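Summary of structural features
What follows is the residue order along each chain.
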Amino acid sequence: MAGRINDDDVKVVRDAVPIDTVVSEYLQLRPAGGGNMKGLCPFHDEKSPSFQVSPSKGLFHCFGCQEGGDTIAFVMKIDHLSFSETVERLAAKAGITLRYEEGGYNPTHQRGERIRLVEAHKAAADFYVEQLGGEEAAIGRKFLAERGFDQSAAEHFGVGYSPAGWDHLTRFLRGKGFSDKELLLAGLSQDGRRGPIDRFRGRLMWPIRDISGEVVGFGARKLRDDDNGPKYLNTPDTAIYKKSQVLYGVDLAKKDIAKASRAVVVEGYTDVMACHLAGITTAIATCGTAFGTDHIKILRRLLMDNGSARVIFTFDGDAAGQKAALRAFEDDQKFAAETYIAIAPDGMDPCELRLNKGDAAVQDLVEPRTPLFEFAIRQIVSRYDLETPAGRASALDEAGPIVARIKNGASQHEVAVQLAGILGILDTQFVVKRVAQMARWARDRGGRGPAGPASSSSSSASSYDSGQSPALSGPALNLRSPAHRTERELLKLALQRPELVSPAFDAYGVDEFTAPPYAAVRRAVEDAGGAEQGMASAPEYLAGVREAAPNDAVRALVTELAVEVFHGKTIDEAYAGEQLVRVRLRAVDLRIHDVTSTLARLGTGADHERHQAVQNELWVLQQYRQSLRNSGAAAL
């Protein structure tokens, strides 16, 4: 059994690795004031950043999902590691040798399973790279050269070669101390008739790295006609590799994606290579699966979903490529970023385009031109005869719901006008109203009510969720408790004077508003793009919030709050900061109460790591509460 890591060493590791450096490997952080950083939480899906990091304190906390702790707690949570595995990984990164209370220094057999699998992949990647220089791999080098990739390109991306024999890698890794069980769990070997054999044989190998840069899998390209396997063979899902949760090239692209607020999504490994070598260093690709929800979460954390963010999809111009583009549009509204599609002339992919027309042609390809929604609409409309009234009506019936799904009211109106032009319908307002009607129907059918506190079974909560007449009106809530009065005042500021509460307000979670109707209004502001949107155009902003409301009851409350007078005599930054702090303090106090209750239930006999994690969270919350009380709005 592994010994317990020395407590002093744990402290050294915690102090040696800056929390903002570690967190920045997974998401983009930007200044949040008071020396803190903020970003989109990696532990729950959100549109406005409620995840904050304090480099000076070495702590993080999300005010949306309430996850919090130090560097160790962050890595444990995001990479699903045990406490010991996390300390070992961070120690290795910082070059620190750990001591164990029962058994001296850190031996290999004491390492956790996940770390062992990652180490096996790193060793395999090094092995494959070395093999690429051998005589047998000439066919692989020829494949790369024919696509415009020289030795330096192969080295930059870590491309290698798997020998054609049955167990070359398996024997190599056994010699490195890895067991057959570990190799099978890693997906590097598979069961043969006489024991484990190599999974990848006689193929060109691309290492697939996670966002932190660790090799977690491989993509293998078929090279020989006598290879009866698929053209591309990927690592199966393992404890460290889930194809729906990784993006090839993201380790190389993440900094430039965050810096440029732009990502280019291509279809294959060679396309990523071609783009990067052509200067498009924000290119990434999926690994043998469709671009989906988990991939979006990765990109959103890097892009921060600000208004200038761009995501450009490149797909082949054939039917399969068009189908992929339409599938990507299915998730389009999960981005706050604007999405575009780029299809190269003659249906060439970026790799072919670079080979035939050079780097400049690749750079030109990914300049945003055609919005993804426009491409999706045109694909639908192309199936109808627009020369006839019946054809135009049918096209509107199918394309209208696409436009109706656009959540931002102003954008939806603009695209509806464009749809009228594409269809050739002269009565633009008819199309605009028709799309708005479809949007209302979709909301009613979907029952998209507020989450968190608004899902309470109370009559007030259900009325704001179902659209029934509210049993408890907004003004009555104002008189019930100081907390509700403060929440109401803060929402009025967000709607009427957003410049006084932005950007802090947008980092507040829906569950920080304890009255269900107010939580519903907070969600509507979030769905409309956040209070920062109101700093540009107040009328459009309020229209967007009302449009984002899930039902008439919430819509009426938005209007009410947008015109109600404030309670304060002087409405300035100091007054706004006071309301922000009061609402946040209330949320922190409630969370401290919950965590304290959890700690009491755990007792002294609880699992050590679980008990430590809860204690750590309580300490973080108490420190933050004290900071709010001492520093006020500066601590937000």
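For the structure given in this document, a descriptive report is provided here. Note that this is a predicted model, so its numbers are computed, not measured.

About the criteria used
- Residues numbered from 1 in each chain as written.
- Predicted model: local features only at pLDDT ≥ 70, side-chain atom pairs only at ≥ 80, totals over all residues.
- Heavy atoms only, no water.
- Helix = DSSP H or I, 4+ residues; strand = E, 2+ residues; numbered from the N terminus.
- Buried < 20%, exposed > 50% of the residue type's maximum accessible area, 1.4 Å probe, protein only.
- Contact = heavy atoms within 4.5 Å.
- Areas by Shrake-Rupley, 256 points an atom, 1.4 Å probe, with all protein chains shown as cover.
- Salt bridge = Lys/Arg side-chain N within 4 Å of Asp/Glu carboxyl O.
- Pairing = 2+ DSSP bridges.
- Phe/Tyr/Trp six-rings, centres within 6.5 Å; stacked < 30°, edge-to-face > 60°.
- Lys NZ or Arg CZ within 6 Å of the ring centre and 35° of its normal.
- Axes fitted to C-alpha atoms, helices over the stretch in contact; angles between N-to-C directions.
- Left-handed = near helix turned anticlockwise from the far one by under 90°.
- Nonpolar A, V, L, I, M, F, W, Y, C, P; charged D, E, K, R; others polar.
- Core = buried A, V, L, I, M, F, W, Y, C linked by side-chain atoms within 4.5 Å.
- Expected span 1.5 Å × (residues − 1).
- Polar contact = N/O pair within 3.5 Å; in protein donor to acceptor, adjacent residues only side chain to side chain.
- Arc of directions from axis to C-beta.
- 1 Å grid on protein atoms, 1.4 Å probe; cavity = no way out; pocket = protein on both sides within 12 Å on 5 of 7 lines; lining within 4 Å.
- Points joined across faces, edges and corners; volume = space filled by probe spheres on them.

1. A short note on the overall build of the chain
For the chain, the count of helices and strands is 28 helices and 18 strands. Each of the 636 residues in the chain was classed as buried or not, and the buried ones make up 52%. For the chain, long-range pairs separated by at least 24 residues make up 66% of all intrachain contacts whose partners lie at least 6 apart in sequence. Carbon and sulfur atoms form 49% of the exposed surface of the chain, whose accessible area is close to 27,900 Å².

2. Quick word on the pattern of salt bridges
A full pass over the atoms with the stated rule returns 28 salt bridges. Residues E526 and R523 are paired through a salt bridge, measuring 3.5 Å at the closest nitrogen-oxygen approach. With E526 and R523 both in helix α24 (residues 516-527) and three residues apart, the pair spans about one turn of that helix. A relative accessible area of 12% means that E526 is categorised as buried. Through salt bridges with shared partners, a single network forms among R89, R114, D210 and E214.

3. What about the pairing of strand β16 (residues 310-314)?
Most of β16 is tucked away: four of the five residues are buried. Summarising the sheet, strand β14 (residues 262-266) and β16 pair through four bridges and their orientation is parallel. In the sheet register, R262 faces β16, and the bridge partner there is R310.

4. Section: the packing of aromatic side chains
Across all of its chains, the model carries 19 aromatic pairs by this definition. Measuring from centroid to centroid gives 5.5 Å for W206 and Y269, while their planes differ by 20°, and the two rings are stacked. Of the two residues, W206 is situated in strand β11 (residues 203-209) and Y269 in helix α11 (residues 269-277); the sequence distance between them amounts to 63 residues. Neither W206 nor Y269 differs from the other in exposure class; each is buried. Here K77 stacks its cationic end above the ring of F43, 5.8 Å away from the centre of that ring. Over the face of the ring belonging to Y508 we find R584, whose NZ or CZ atom lies 3.9 Å from the ring centre.

5. Topic: the environment of G158
Structurally, G158 can be placed in the loop between α7 (151-157) and β8 (160-162). Using a relative accessible area of 14% as the deciding quantity, one classes G158 as buried. Each C-alpha atom of the pair G158 and A125 lies 7.4 Å from the other, and the pair is 33 residues apart in sequence. Here G158 is in contact with V129, M205 and P207, once residues within four sequence places are set aside.

6. Concerning the sheet that holds β14
Judged by pairing direction, the sheet is mixed, and its five strands sit side by side in the order β15-β14-β16-β17-β18 without closing on themselves. For this open sheet the edge positions go to β15 (283-285) and β18 (370-371), each flanked by a neighbour on one side alone. In this fold helix α10 (residues 250-260) packs onto β14 and β15, with an angle of close to 130° to the strand it touches most, β15. Relative to the sheet, α11 contacts β14 and β15, its axis offset from that of β15 by approximately 175°.

7. Overview of the packing of helix α16 (residues 372-381) against helix α18 (residues 409-423)
The description of two packed helices rests on the angle between their axes and on the distance between the axes. Taken N-terminus to C-terminus, the directions of α16 and α18 make an angle of 35°; their axes are 11 Å apart at the nearest point. Pair α16 / α18 crosses with right-handed handedness. Between α16 and α18, the residues in contact are F373, E374, I377, R378 and V381 and V415, Q418, L419, I422 and L423, respectively. Looking at the contact of α16 with α18 residue by residue, the classes come out as seven nonpolar, one polar and two charged.

8. Quick look at the side chain of E617
With respect to the helices and strands, E617 occurs in helix α28 (residues 608-631). Other than its neighbours up to four places away in sequence, E617 contacts Q66, R591 and V595.

9. What to know about unusual backbone geometry
Cis geometry marks the peptide bond from S502 to P503; its omega dihedral reads 0°. Along the chain, P503 falls in the loop between α23 (498-501) and α24. Notably, S261 is not glycine yet its phi reads approximately 55°, a positive angle. Structurally, S261 is set in the loop between α10 and β14. Overall, S261 belongs to the buried group, its relative accessible area being 9%.

10. A word on the sheet that holds strand β1 (residues 30-33)
With antiparallel pairing, five strands are arranged side by side in an open sheet as β1-β2-β3-β4-β5. The strands lining the two open edges of the sheet, one partner per strand, are β1 and β5 (68-70). When the angles between neighbouring strand axes are averaged without regard to direction, this sheet yields 25°. Examined bridge by bridge, β1 and strand β2 (residues 36-39) share three bridges and lie antiparallel to one another. Note that in β2 the partner of P31 across the bridge is M37.

11. Focus: the nonpolar core
With 61 residues, the main nonpolar core has L144, W206 and F218 as its most contacted residues. Looking at which element gives the most residues to this core, the answer is helix α5 (residues 113-131), with eight residues. Ranked by size, the runner-up nonpolar core spans 49 residues in total, among them V17, V53, F74 and V250.

12. Observations regarding the pairing of strand β9 (residues 189-192)
Judged from the four bridges that link them, β9 and strand β10 (residues 195-198) form a sheet pairing that is antiparallel. Residue pairing across strands places G192 opposite G195, the latter belonging to β10.

13. Considering helix α26 (residues 552-563)
Between its first and last C-alpha atoms α26 spans 17 Å; for twelve residues at 1.5 Å apiece the expected length is 16 Å, and the two agree. Here α26 has its buried residues at A553, V554, R555, L557, V558 and L561. Looking at where α26 begins, the residue whose side-chain oxygen comes 3.2 Å from the main-chain nitrogen of A553 is N551.

14. A look at helix α6 (residues 138-146)
Within the span of α6, buried status applies to G140, F143 and L144. The buried residues of α6 all sit within an arc of 95° when viewed along its axis, so they share a single face. Away from its buried face by more than 90 degrees, α6 exposes K142 and A145. Considering only its buried residues, α6 is in contact with α7, β11, β12 (215-222) and α11. Positive phi shows up at G148, right after α6, with a value of about 85°.

15. Looking at the side chain of T314
Relative to the helices and strands, T314 is located in strand β16. Those residues within four positions of T314 in sequence are excluded, and the remaining contacts are V264, V265, V266, E267, A342, P350, L365 and V366.

16. Brief notes about empty space enclosed by the protein
Remark: the empty space left among the atoms is shown by a probe the size of a water molecule rolled over them. According to the stated counting rule, one finds two cavities of 30 Å³ or more in the structure shown. By volume, the largest cavity is sized at about 60 Å³. Looking at the largest cavity, the residues that line it are F157, P207, I208, R209, Y248, G249, D251 and L252. Elements with a contribution of two residues or more to the lining of the largest cavity: β11 and α10. Here the lining of the largest cavity takes three residues from β11, the largest share from any one element. Of the residues in the lining of the largest cavity, the class split is five nonpolar, one polar and two charged.

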